[in-house]
Amino acid sequence: MVPKKPAKTWVTPVESVEGRAAAKGKPAARNTSSTQSETDVTTALQRVGQRAKEKPEERFTNLLTHIQPALLEQAYRSLRKNAAVGVDEVTWHEYGEQLQARLVDLATRIHRGSYHPQPVRRVHIPKGDGRTRPLGIPSLEDKIVQQAVRWVLEPIYEASFIGVSYGFRPGRSQHDALDALAAGIARKVNWVLDADIRSFFDTIDHGWMQKFLEHRIGDKRLVRIIMKWMHAGVMEDGELRDVQQGTPQGGIISPLLANIYLHYALDLWVLNWRKKRAHGEVYYVRYADDFVMGFQREQDARAMRADLSERLARFGLELHPDKTRVIQFGRFAREDRQRHGHGKPETFDFLGFTHIAGISREGRFQLKRRTSRKKRRAALARLRDEVRKRRHHRVAEQHAWLSSVLRGHDQYYAVPTNMRALSQFHDAVEQLWHRWLQRRSQRAQWTKERRDRFKLRYPLPRPRILHPWPTDRFDAR
């Protein structure tokens, strides 16, 4: 939700990166010891973040100094031990053999300028609509360096990022973004711009990315390493493909780069647009490349739709024409549409939930959120395959696994007004499990009595609301 008067430390001139050279700054504190302790590393990065807050216009010119074996070791140990391997086919455990020697060599190559990233291995994972999403898996060594660089850069940009951005940031979650949107809709939202950037991660312009980085990062060596990752190429089906634009989804550094890109290309511009162009209230919530805008006035919503296309095109981005729309939504949408014979208000999806302009039991407007049909179908399809694969496992093992799956599902989707969808999902999973258990035997199908006895012995958890409605804590965000 856009604050009415953004804090001065959050907002810099929107066109600063696009139209003028970045100001020169003083170098960050140096720490060249190759035997940094974990405490030293943490303290040094805290100082970087503190300086970034105190001097929001300063460029950091000596950040690569922080990339030492101690930080690289922390980065290595933070990685998932069983993660998929990159083109190097080196696992976490294999790299851990002679770890200290490997990390000293890696740090030496980074500072000498002879570190060269390997191409990412591209895999495709299914999406809820039947298509696939390409993911890039870096080599293990590149994962280590990316994690270390992310830790160095994150404090700097956290001092600059504004409250409307929630994706992949420390202390912020998808539910924070959902709650901020709900708080805005409960106020003066009558129209919603449901926007979608077409293939955002695949179309990031490398030239603009470098300009945005250099606005705060004056260490050319570090910027060069980041751009090497973006130009490293993709290995797919044994064929190396050059990359002219985009950053691979799946890379550790990619979410931070995406936030940096949209901070300058979109977030600051939206705040500036609201201040200069809007005639009514404007609310804006972004999670990575997924964002929603709420408007008090229809003319503002439609003007933003037109201006947004022009703005994104300037940075090589495009709104998806079929997935971007302005809809009437909010407290008066149902009455207004009925009065004009337009039927119920349209709905929109955000972060896995379908948002509905509903009414409460008392007859007043109430935002209702349901698990999106696409997400629910995709989850059931994945479970159907996995239950089939596990059908010959011990029943107790299957019960423990399915209970964990349902608890994980509820941990995300258990929000107010979604109990019906949660119950339907739990019932569908239970029926699916029981059907596959019956197929293990040639006996007749279970009787009602047998099914009831089984459910008493192996009860699956029932849903309950875990995330209450947002409070006023989102007013200042």
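### So, the nonpolar core
Part 1: Ranked by size, the top nonpolar core spans 82 residues in total, and within it I260, Y261 and L308 carry the most contacts.
Part 2: Among the elements that take part in this core, helix 11 (residues 254-276) stands out by supplying 14 residues, more than any other.
Part 3: Those residues within four positions of I260 in sequence are excluded, and the remaining contacts are Y157, F161, M209, F212 and L213.
Part 4: By size, the runner-up hydrophobic cluster in this structure holds 27 residues, among which are A177, I185, F329 and A414.

### Considering the pairing of strand 11 (residues 365-371)
Part 1: Here seven bridges tie strand 10 (residues 353-359) to strand 11, and the two strands are oriented antiparallel to one another. Among the inter-strand pairings, H355 is bridged to a residue of strand 11, identified as R369.

### Let's talk about the packing of aromatic side chains
What characterises a pair of aromatic rings is the spacing of the ring centres plus the angle enclosed by the ring planes.
Part 1: Taken as a whole, this structure holds 19 aromatic pairs when the rule is applied.
Part 2: Through successive ring pairs, a cluster of aromatic residues spans F200, F201, W208, F212, Y261, Y264 and F315.
Part 3: Looking at K81, its charged tip hangs above the ring of W92, at a distance of 4.8 Å from the centre.
Part 4: Lying over the aromatic face of W401, R390 brings its terminal NZ or CZ to 4.2 Å of the ring centre.

### A word on unusual backbone geometry
Part 1: Its identity is not glycine, yet Q98 carries a phi of approximately 55°, on the positive side.
Part 2: Locating Q98 in the fold gives a position in the loop between helix 4 (92-96) and helix 5 (99-112).
Part 3: Owing to a relative accessible area of 65%, Q98 belongs among the exposed residues under this scheme.
Part 4: The phi dihedral of A288 falls on the positive side, at around 60°, and the residue is not glycine.
Part 5: Looking at the secondary structure, you find A288 in the loop between strand 6 (282-287) and strand 7 (290-295).
Part 6: Judged by relative accessible area, A288 falls into the buried class, the value being 7%.

### Things to note about the layout of surface pockets
Part 1: Put simply, the second largest pocket is a space of about 330 Å³.
Part 2: Among the secondary structure elements, those contributing two or more residues to the lining of the second largest pocket are strand 1 (120-126), strand 2 (132-137) and helix 6 (140-158).
Part 3: Among the residues forming the lining of the second largest pocket, the class breakdown is 10 nonpolar, four polar and two charged.

### Points about a positive patch on the surface
Part 1: The grouping of R133, K323, K374, K375 and R382 at the surface amounts to a positive patch.
Part 2: Here the positive patch gets three residues from one element, more than from any other, and that element is helix 14 (residues 373-389).
Part 3: Structurally, K374 is set in helix 14.
Part 4: On the basis of relative accessibility, which here comes to 42%, the residue K374 falls in the partly exposed class.

### Quick look at the sheet that holds strand 9 (residues 348-350)
Part 1: Taken in spatial order, the three strands line up as 9-10-11 in an open sheet, and their pairing is antiparallel. Among the strands making up the open sheet, the edge pair consists of strand 9 and strand 11. Strand-to-strand twist across the sheet, computed as the mean angle between neighbouring axes with direction ignored, equals 40°.
Part 2: Contacts from helix 7 (residues 174-185) reach strand 9, strand 10 and strand 11, with the element oriented near 155° to strand 11.

### With respect to the pattern of salt bridges
In a structure, side chains of opposite charge can pair up when their charged atoms sit close to one another.
Part 1: Applying the stated criterion across every chain yields a total of 22 salt bridges.
Part 2: One salt bridge connects D307 with R277, and the closest N-O pair in it is separated by 2.6 Å. In this pair, D307 is assigned in helix 12 (residues 298-314) and R277 in the loop between helix 11 and strand 6, connecting sequence segments 30 residues apart.
Part 3: For D307, a relative accessible area of 17% puts it in the buried group.
Part 4: Salt bridges sharing partners connect three or more residues here, namely D105, R109 and E141.

### A look at the packing of helix 6 against helix 10 (residues 220-231)
Part 1: Interhelical geometry of helix 6 versus helix 10 gives an angle of 135° and a closest axis separation of 12 Å. Of the possible angle classes, the one that applies to helix 6 and helix 10 is oblique. Viewed along their axes, helix 6 and helix 10 form a crossing whose handedness is left-handed. Only L222, I226 and W229 of helix 10 make contact with helix 6, whose side of the interface consists of D142, V145, Q146, V149 and L153.
Part 2: Classifying every residue of the contact of helix 6 with helix 10 by side-chain character gives six nonpolar, one polar and one charged.

### Describing the pairing of strand 1
Part 1: As defined by bridge partners, strand 1 adjoins strand 4 (residues 234-236) across two bridges and the pair is classed as parallel. Among the inter-strand pairings, R121 is bridged to a residue of strand 4, identified as M235.
Part 2: Pairing between strand 1 and strand 2: six bridges, direction antiparallel. Across the sheet, residue V123 finds its bridge partner in strand 2, namely L135.

### Looking at the packing of helix 3 (residues 69-78) against helix 5
Part 1: Contact pair helix 3 / helix 5: the axes reach a minimum separation of 9 Å and the direction vectors enclose 120°. Looking at the two axes, helix 3 sits oblique to helix 5. In this structure, helix 3 meets helix 5 at a crossing whose hand is right-handed. Contacts from P69, L72, E73, Y76 and R77 in helix 3 reach L99, Q100, L103, V104, L106, A107 and I110 in helix 5.
Part 2: Looking at the contact of helix 3 with helix 5 residue by residue, the class counts come to nine nonpolar, one polar and two charged.

### Considerations on helix 10
Residues that lie three or four places apart on an α-helix share one face, since the helix turns once every 3.6 residues.
Part 1: Here helix 10 is 12 residues long and its end C-alpha atoms lie 16 Å apart, about the 16 Å a rise of 1.5 Å per residue gives.
Part 2: For helix 10, every residue scored as buried is listed here: L222, V223, I225, I226, M227, W229 and M230.
Part 3: Turning to helix 10, the residues buried within the fold contact helix 5, helix 6, helix 9 (206-216) and helix 11.

### Description of the sheet that holds strand 1
Sheets are built from strands that pair by backbone hydrogen bonding, the pairs being arranged parallel or antiparallel.
Part 1: Read across the sheet, four strands follow the order 2-1-4-5 without closing on themselves; strand pairing throughout is mixed. On the outer flanks of this sheet lie strand 2 and strand 5 (239-241), each paired with one strand and no other. Ignoring strand direction, the axes of neighbouring strands in this sheet form an average angle of 40°.

Parameters and conventions
Residues numbered from 1 in each chain as written. Predicted model: local features only at pLDDT ≥ 70, side-chain atom pairs only at ≥ 80, totals over all residues. Heavy atoms only, no water. Core = buried A, V, L, I, M, F, W, Y, C linked by side-chain atoms within 4.5 Å. Buried < 20%, exposed > 50% of the residue type's maximum accessible area, 1.4 Å probe, protein only. Helix = DSSP H or I, 4+ residues; strand = E, 2+ residues; numbered from the N terminus. Contact = heavy atoms within 4.5 Å. Pairing = 2+ DSSP bridges. Phe/Tyr/Trp six-rings, centres within 6.5 Å; stacked < 30°, edge-to-face > 60°. Lys NZ or Arg CZ within 6 Å of the ring centre and 35° of its normal. 1 Å grid on protein atoms, 1.4 Å probe; cavity = no way out; pocket = protein on both sides within 12 Å on 5 of 7 lines; lining within 4 Å. Points joined across faces, edges and corners; volume = space filled by probe spheres on them. Nonpolar A, V, L, I, M, F, W, Y, C, P; charged D, E, K, R; others polar. Patch = residues over 30% accessible without salt bridge, like charges linked within 9 Å, V, L, I, M, F, W, Y side chains within 5 Å. Areas by Shrake-Rupley, 256 points an atom, 1.4 Å probe, with all protein chains shown as cover. Salt bridge = Lys/Arg side-chain N within 4 Å of Asp/Glu carboxyl O. Lys, Arg positive; Asp, Glu negative; His and termini not counted. Charge placed at Lys NZ, Arg CZ, Asp CG, Glu CD. Axes fitted to C-alpha atoms, helices over the stretch in contact; angles between N-to-C directions. Parallel < 35°, antiparallel > 145°, perpendicular 65-115°, else oblique. Left-handed = near helix turned anticlockwise from the far one by under 90°. Expected span 1.5 Å × (residues − 1).

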